[in-house]
Structure formats: structure tokens, C-alpha cells
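Listed below are the residues making up each chain.
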Amino acid sequence: AKKPAPNSIITPNFKFEDMGIGGLDQEFGAIFRRAFASRVFPPGLVEKLGIQHVKGILLFGPPGTGKTLMARQIGKMLNAREPKIVNGPEILNKFVGQSEENIRKLFADAEKEYKEKGDESGLHIIIFDELDAICKQRGSSQGGTGVGDSVVNQLLSKMDGVDQLNNILLIGMTNRLDMIDEALLRPGRLEVHMEISLPDENGRLQILNIHTAKMRNNGVMDADVDLVELAALTKNFSGAEIGGLVKSATSFAFNRHVKVGTMAGISDDVENMKINRNDFMNALE
Ligand code: ATP
């Protein structure tokens, strides 16, 4: 039997619920339909339709809402190689003068593999975190060095080259959509845009469930903790802040078991430590 192109393989038994992303199932579904559906079409259908795979998406929204998490999980779902993650400020600051070379290098592995294997190549994902740092709209750099401009130009020309490669997916991320050079957002570049906003109450409940799953399963969380109550009390919290809350509650629980000022206070009792409602209330405060 003819082997389907790796690009069209979705990880078997893939389930959104297993991804550890709370409250973003709608967004995930929408991105999937708009950006990845063609990658799971039967081989040949894409050619018959005469369309191109979407090569780039942009996730935007407040910090800590799960954009990076989402980008990584998309990679897992699509059976992609471990994504390359580049950070905007790092490209600009750490390697001034070499930024264009760095951009070229980012694409090199995928280009090489595509040359060798064509559509049999694995999928390569490049994640641009804090994309706004690279892409202060061209010509608007306040007394800048112009480094940003040439990096954007290099990125644009690389993205246009990606058109010829079926094995690349670019994922840009930003908290500042307004700062992104429009040229990057055009069809054929980062063309599918998805807002990842702060979770609503139900989303927060899902995130709380995810971040307390281990302690609940292992009996380390007291029965008096009510996650529904906590979801209601954490209005405007991001997913990252909810993760922080759980950590902080843990340290309050730990403190109840340790004498202040001495590590000798750690006793067997720590093994019986349970995180209770009061620890969460202290953490919230
Ligand atoms: P930034 O814009 O600051 O880069 P981000 O949107 O990329 O933020 P992440 O790095 O994905 O945010 O989130 C940081 C951490 O917060 C995650 O590793 C995870 O522990 C937690 N988190 C954030 N959002 C969610 C979510 N929706 N579900 C579960 N955990 C989440």
C-alpha cells in the first residue's frame, strides 16, 4: 500500500482533552479547521483541489494565556519535529549584525530535508515568540539601527520561499497585534490569525483541573478545596497566573509543616502534607 505523506498524518488517537490546555477547545478547533485541515486530507486531494497548505499562523493575546502551549501541542498533533523556538528580542539583541544569518539558519534544516525527501519529509515548525520585537513596523523604529527592518525583510523573503516547501509551518506569537508589520500577515505568510484571550470561568475551572490533576489523583489535595469556587474567585487570571496560584498554595501548605527559620523543621509530617482550601485563600490574597 502507498504510504501517505507524513504531512498528512495526525498523531493516532489524538484527543484535545489530553493536551493539558484548558478552556481553548473552541480556538483549537477553529485553528485546526482554518489552518490544518488540508494537512490531514487524503494524499492527492490537496493537488486535486489545487490549493496550498497554510504555511503560517499568528496567535495573539495577553501574556500567559497558553499561546506557547498551544503551538507546541499543534506540533505534537501534527507529528512534527520538535519545534524551533526563537524569541524576537534575542534575535535582535544577542546577534546584532548576524540576525539575517540566524533567520537563514532557522529554515535550513527544513529546506535541506525537503530537497532530499519532498513531501515525505517530516513537518518542521518554527515558533517566533514575541514576534513584535522583531517586527516593529518597518520605518517606524524610533532612531533605531534599522536592524529590525532588515530582519523583517529577511523573514519576508524566507516566508515567500516557504511557499515552495510543504514541510514547514510558521507560528508567530505576540501580545501586541498592532505592532506586527502588516506585510507579515498577508495570505501566504502568517495568514491565519487567532486571538487567545483570558479564560472565562469555565476555562479557569478546566485550567485549575489540569494544574491540580496530579495532587488530586495522588490524594495530596484536601477535600475542602472547591475548584468551582476558585474558578469564580480568579476572574481576569491568565492560565499562567492560575498555575502560579496552585504553586503558591503548595508553598503555604509546606509552610504549615515547617518551623520557620530552620530546615530541621522538616519532618515526616511533610509527607502527610495536603493542600487545603485555606492555602488557596492565602495564595489568592
Ligand atoms: P507569553 O505571551 O507570555 O509568551 P503564552 O500565552 O505563550 O505567554 P504560555 O507560555 O503558553 O503562555 O503559558 C505559560 C504557562 O501557563 C504554561 O506552561 C501553563 O503551565 C500555564 N497555562 C497558560 N495557559 C494555560 C491554559 N490555557 N491551560 C493550561 N495551562 C495554561
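Just so you know, these numbers come straight off a predicted model, no measurement behind them.

Some thoughts on the sheet that holds strand β1 (residues 56-60)
Line of reasoning, step 1. Within the open sheet, the five strands sit side by side as β2-β3-β4-β1-β5. Their pairing is parallel. Among the strands making up the open sheet, the edge pair consists of β2 (84-87) and β5 (192-195). Shown here is a sheet whose adjacent strand axes are inclined to one another by a mean of 20°, direction ignored.
Line of reasoning, step 2. When β1 meets β5, the two strands line up parallel, connected through four bridges. In the strand pairing of β5, Leu58 is matched with His193.
Line of reasoning, step 3. Sitting on the sheet, helix α3 (residues 67-77) is in contact with β1, β2, β3 (124-129) and β4 (168-174), with an inclination near 170° to β4.
Line of reasoning, step 4. Against the sheet, helix α5 (residues 99-117) touches β2, β3 and β4, its axis set at about 165° to β3.

Re the environment of Arg256
Line of reasoning, step 1. Secondary-structure assignment places Arg256 in helix α11 (residues 239-256).
Line of reasoning, step 2. When the C-alpha atoms of Arg256 and Asn236 are compared, they prove to be 29 Å apart, with 20 residues separating the residues in sequence.
Line of reasoning, step 3. Not counting residues up to four positions away in its chain, the partners in contact with Arg256 are Lys274, Asn276 and Asp279.
Line of reasoning, step 4. Looking at Arg256, its side chain comes within polar contact range of the side chain of Asp279, at 2.5 Å.

With respect to the pairing of β3
Line of reasoning, step 1. Most of β3 is tucked away: five of the six residues are buried.
Line of reasoning, step 2. Pairing between β2 and β3: four bridges, direction parallel. Within β3, the position partnered with Val86 by the bridge is Phe128.
Line of reasoning, step 3. With five bridges connecting them, β3 and β4 associate as parallel partners.

Topic: helix α1 (residues 25-36)
Along an α-helix, residues three or four positions apart point the same way, because every turn accommodates 3.6 residues.
Line of reasoning, step 1. Taken residue by residue, α1 has Glu27, Phe28, Ala30, Ile31, Ala35 and Phe36 as its buried positions. Along α1, the residues classed as buried sweep out an arc of 165° about the axis, all on the same side. In this structure, α1 carries Gln26 and Arg33 as exposed residues pointing more than 90 degrees from its buried face.
Line of reasoning, step 2. Residues of α1 that are buried make contact with β1, α3, β4 and β5.

Here's the deal with the pairing of β1
Line of reasoning, step 1. Of all the five residues making up β1, five are buried; the element is thus mostly covered by neighbouring parts of the structure.
Line of reasoning, step 2. Along β1, one buried face is formed by Gly56, Leu58 and Phe60 and the opposite face, lined by Ile57 and Leu59, is buried too.
Line of reasoning, step 3. Where β1 meets β4, five bridges bridge the pair, whose relative direction is parallel. The residue of β4 that forms the bridge with Leu59 is Met173.

Some thoughts on the site of the ligand
Line of reasoning, step 1. Close to the ligand lie 17 residues; Gly22, Gly64, Lys67, Thr68 and His211 are nearest.
Line of reasoning, step 2. In this structure, an oxygen atom belonging to the ligand sits 3.1 Å away from a main-chain N or O atom of Thr65.
Line of reasoning, step 3. When residues of the shell around the ligand are traced back to their parent elements, those giving at least two are α3, α8 (201-211) and α11.
Line of reasoning, step 4. No other element matches the three residues that α3 contributes to the shell around the ligand.
Line of reasoning, step 5. Looking at the shell around the ligand residue by residue, the class counts come to six nonpolar, nine polar and two charged.

The rules we used
- Residues numbered from 1 in each chain as written.
- Predicted model: local features only at pLDDT ≥ 70, side-chain atom pairs only at ≥ 80, totals over all residues.
- Heavy atoms only, no water.
- Pairing = 2+ DSSP bridges.
- Helix = DSSP H or I, 4+ residues; strand = E, 2+ residues; numbered from the N terminus.
- Axes fitted to C-alpha atoms, helices over the stretch in contact; angles between N-to-C directions.
- Contact = heavy atoms within 4.5 Å.
- Polar contact = N/O pair within 3.5 Å; in protein donor to acceptor, adjacent residues only side chain to side chain.
- Buried < 20%, exposed > 50% of the residue type's maximum accessible area, 1.4 Å probe, protein only.
- Arc of directions from axis to C-beta.
- Near = heavy atom within 4 Å.
- Nonpolar A, V, L, I, M, F, W, Y, C, P; charged D, E, K, R; others polar.

Worth remembering: the numbers are spatial, not functional.
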